[in-house]
Amino acid sequence: MRQRLISTTLALSTLGIAALPVVASAATQSANTTINANIGSTISVTTSTTVAINATPTAGGVVSSSSDTVTVNTNNAAGYTLTLADADTNTNLVSGSDTIAAHSGTFAAPTALTNGSWGYRIVGAGGFGATAYSGESNNGSSTSTWAGVPSSASPATIKTTASSATNDTTTVWYGTRVSSSQPNGTYTDTVTYTATTN
């Protein structure tokens, strides 16, 4: 009887072991996704809108000037290029049938204005030199140098940068030399600035 009891207990124990659950290992795999946010370049340019030059001529001629402030903003990491040109191919200041001609000097080689001419200058750019300039009013002995505003067909590059810009300003002076032989009146022309991302 004792032997039978032992045999029964062993049999029950064996059955208990067989009933335990089987645990399986989980399979794992990873995958990456690249996120590309493409930010486009933006650029804006503003000016003073109107430049007023007041001159009272003399027989020998006088130079008067006034400035324009050109402001550029761009997020372009390579910077921008700024050009200046007349709005069309007529580079004269015009008052009815009377004109003041664009000066013959250039951005690279500016020269003193002659009577009956007008032009622009930018301190520290081109051939203008770095000497400070604060404008002139009816100066009969002016030695400042100027470039003629080019036609719309051949803009002058006046500034190139190599990084983004926030409220980056360029001061452009406009001047005219006139003598008393120049008919009175308001002489007008339009200059166009173009800012382009590099």
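Before reading on, note that the structure itself is shown above.
These lines cover the structure that appears in this document, whether it is placed above or below.

What counts, and where the lines are drawn
Residues numbered from 1 in each chain as written. Predicted model: local features only at pLDDT ≥ 70, side-chain atom pairs only at ≥ 80, totals over all residues. Heavy atoms only, no water. Helix = DSSP H or I, 4+ residues; strand = E, 2+ residues; numbered from the N terminus. Buried < 20%, exposed > 50% of the residue type's maximum accessible area, 1.4 Å probe, protein only. Contact = heavy atoms within 4.5 Å. Pairing = 2+ DSSP bridges. Axes fitted to C-alpha atoms, helices over the stretch in contact; angles between N-to-C directions. Salt bridge = Lys/Arg side-chain N within 4 Å of Asp/Glu carboxyl O. Core = buried A, V, L, I, M, F, W, Y, C linked by side-chain atoms within 4.5 Å.

### Some remarks on the overall build of the chain
Consideration 1: Along the backbone of the chain there are one helix and eleven strands.
Consideration 2: Ordered by position from the N terminus, the helices and strands of the chain form the series α-β-β-β-β-β-β-β-β-β-β-β.
Consideration 3: For the chain, the residues scored as buried account for 32% of the 198 residues in total.
Consideration 4: Intrachain contacts of the chain at a sequence separation of at least 6 include 79% that bridge at least 24 residues.

### Quick notes on the sheet that holds strand 11 (residues 191-197)
Where strands meet in a sheet, backbone hydrogen bonds hold them as pairs that are either parallel or antiparallel.
Consideration 1: The strand order across the open sheet built from three strands is 9-3-11, with neighbouring strands paired in antiparallel fashion. Of all strands in the sheet, those with a lone pairing partner are strand 9 (156-160) and strand 11, marking the two edges. When strand polarity is set aside, the average angle formed by the axes of neighbouring strands in this sheet is 25°.
Consideration 2: Where strand 3 (residues 80-86) and strand 9 come together, four bridges link them in antiparallel fashion. By the bridge assignment for strand 9, threonine 83 is matched with threonine 157.

### Observations regarding the pattern of salt bridges
Consideration 1: If you walk through the whole model with that rule in mind, you get one salt bridge.
Consideration 2: Two residues, aspartate 168 and lysine 159, come together in a salt bridge whose shortest N-O distance is 3.0 Å.

### Details of the environment of alanine 156
Consideration 1: Positionally, alanine 156 belongs in strand 9.
Consideration 2: Note on alanine 156: relative accessible area 12%, which makes it buried.
Consideration 3: Taking the C-alpha atoms as reference points, alanine 156 and tyrosine 193, 37 residues apart in sequence, are found 9.6 Å from one another.
Consideration 4: Once residues lying within four places of it in the same chain are set aside, the contact partners of alanine 156 are Leu82, Thr83, Leu84, Tyr120 and Pro150.

### Here's the deal with the nonpolar core
Consideration 1: Grouped together as the largest cluster of nonpolar side chains are 24 residues, with contacts concentrated most on Tyr120, Ile158 and Val172.
Consideration 2: For this core, the elements supplying multiple residues, two or more each, are strand 2 (62-74), strand 3, strand 7 (117-121), strand 9, strand 10 (165-178) and strand 11.
Consideration 3: Of all hydrophobic cores here, the second largest spans five residues; its members include Val63, Leu113, Tyr133 and Trp173.

### What about the sheet that holds strand 10?
Consideration 1: Ordered in space as 1-2-10-7-5-4, the six strands form an open sheet in which the pairing is mixed. Each of the sheet's edge strands pairs with one partner strand only, and the pair in question is strand 1 (43-46) and strand 4 (93-95). With direction set aside, neighbouring strand axes in the sheet form an average angle of 20°.
Consideration 2: When strand 1 meets strand 2, the two strands line up antiparallel, connected through four bridges.

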